Amino acid sequence: MSLFITFEGGEGTGKTTVINNLYNYLISLGYDVIKTREPGGSKISESIRGIILDRNNTIMDYKTEALMYAASRRQHLIEVIIPALKKNKIVICDRYIDSSLAYQGYARGLGIEQVKTINEYAISGYWPDLTIYIDLDPNIGINRIKNNNRDVDRLDEETISFHEKVREGYIKLIDLYPNRIKKIDGNVSLDILTQIAKEIVVNKLKEG
Ligand code: TYD
């Protein structure tokens, strides 16, 4: 049975580490799993993302940004996600449609409904079965990134108030999709975060 899991959250929430740990755990249980993130090795998606995140592209219009994320998402879906789901794999994806709804729809102010419309066109019904949202005060998250010396991209350079809006956007999405989105408090150790994520996924697998 295939399962499509996405992880969501602001900057520096520990998403990537939790995904890696969860991936290893599911593999150790004998599941057929892939972990991916947009652009996920798709050359076309990668080119599109390069344009979006380029720090020199300061004049990019917000609607252009939203359309480009949707385009990149579509290509990655077609090349990577759908083929894996068709092979009955578990797919764990780092960010997907909810990132666009929270960042472009809510934080950029384009409107969750509007951004949802273009993304529904892009994803052709491939909504995640389960979304794990790691909730964290952006002040803590951004500090973690600075301490880890990760490369700063165009969106990281946004103000704290932008990242606070992103968080508010995600909270609205939980209200809109209470069955699909499970929220975890990110202000705990990575071990605890991993443990909670594992429990959520194992319960979902039991549901069948
Ligand atoms: P990503 O490379 O996934 O970074 P992170 O390590 O923070 O997960 O995403 C880069 C930035 O793009 C990040 O600030 C979130 C933003 N983003 C959007 O604004 N909309 C989207 O649809 C996606 C997928 C990402």
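See the structure shown above.
Residues numbered from 1 in each chain as written. Predicted model: local features only at pLDDT ≥ 70, side-chain atom pairs only at ≥ 80, totals over all residues. Heavy atoms only, no water.

Asker: Please give an account of the pattern of salt bridges that cites residues and values.
Answerer: Opposite charge on two side chains lets them pair, provided their charged atoms get close. One pass over the full model with this rule turns up eight salt bridges. The closest approach of N and O atoms between E65 and R108, which form a salt bridge, is 3.0 Å. Separated by 43 residues along the polypeptide, E65 in helix α3 (residues 62–86) and R108 in the loop between α4 (97–107) and α5 (112–123) bring together distant segments of the chain. You'll find E65 and R108 in the same group, each marked buried. (Salt bridge = Lys/Arg side-chain N within 4 Å of Asp/Glu carboxyl O. Helix = DSSP H or I, 4+ residues; strand = E, 2+ residues; numbered from the N terminus. Buried < 20%, exposed > 50% of the residue type's maximum accessible area, 1.4 Å probe, protein only.)

Asker: Tell me what's going on with the site of the ligand, and back it up with residues and numbers.
Answerer: Close contacts around the ligand come from 15 residues, with K15, R37, Y69, R95 and S100 the closest. Separating an oxygen atom of the ligand from a side-chain N or O atom of R37 is a distance of 2.8 Å. The separation between an oxygen atom of the ligand and a polar side-chain atom of Y69 is 2.7 Å. For the ligand, whose accessible area on its own is 530 Å², the fraction buried by protein is 94%. Secondary structure elements with two or more residues in the shell around the ligand: α3 and α4. Considering every element that reaches the shell around the ligand, the biggest residue donor is α4, with four residues. (Near = heavy atom within 4 Å. Polar contact = N/O pair within 3.5 Å; in protein donor to acceptor, adjacent residues only side chain to side chain. Areas by Shrake-Rupley, 256 points an atom, 1.4 Å probe, with all protein chains shown as cover.)

Asker: Could you give me a rundown of the side chain of R73, with the residues and numbers involved?
Answerer: With respect to the secondary-structure elements, R73 resides in helix α3. Note on R73: relative accessible area 1%, which makes it buried. A polar contact is formed between the side chain of R73 and the side chain of N119, at a distance of 2.6 Å. Dropping the residues within four chain positions of it, R73 is found in contact with E38, Y96, I97, S100, N119 and I123. (Contact = heavy atoms within 4.5 Å.)

Asker: If you had to explain the packing of α3 against α5 to someone new, which residues and values would you point to?
Answerer: Between α3 and α5, the least distance of the axes is 9 Å, while the angle of their chain directions is 20°. Classified by the angle between their axes, α3 and α5 sit roughly parallel to one another. For the pair α3 and α5, the crossing hand works out as right-handed. In contact with A66, L67, A70, R73, R74 and L77 of α3, α5 contributes I118, N119, Y121, A122 and I123. When grouped by side-chain class, the residues that make up the contact of α3 with α5 number eight nonpolar, one polar and two charged. (Axes fitted to C-alpha atoms, helices over the stretch in contact; angles between N-to-C directions. Parallel < 35°, antiparallel > 145°, perpendicular 65-115°, else oblique. Left-handed = near helix turned anticlockwise from the far one by under 90°. Nonpolar A, V, L, I, M, F, W, Y, C, P; charged D, E, K, R; others polar.)

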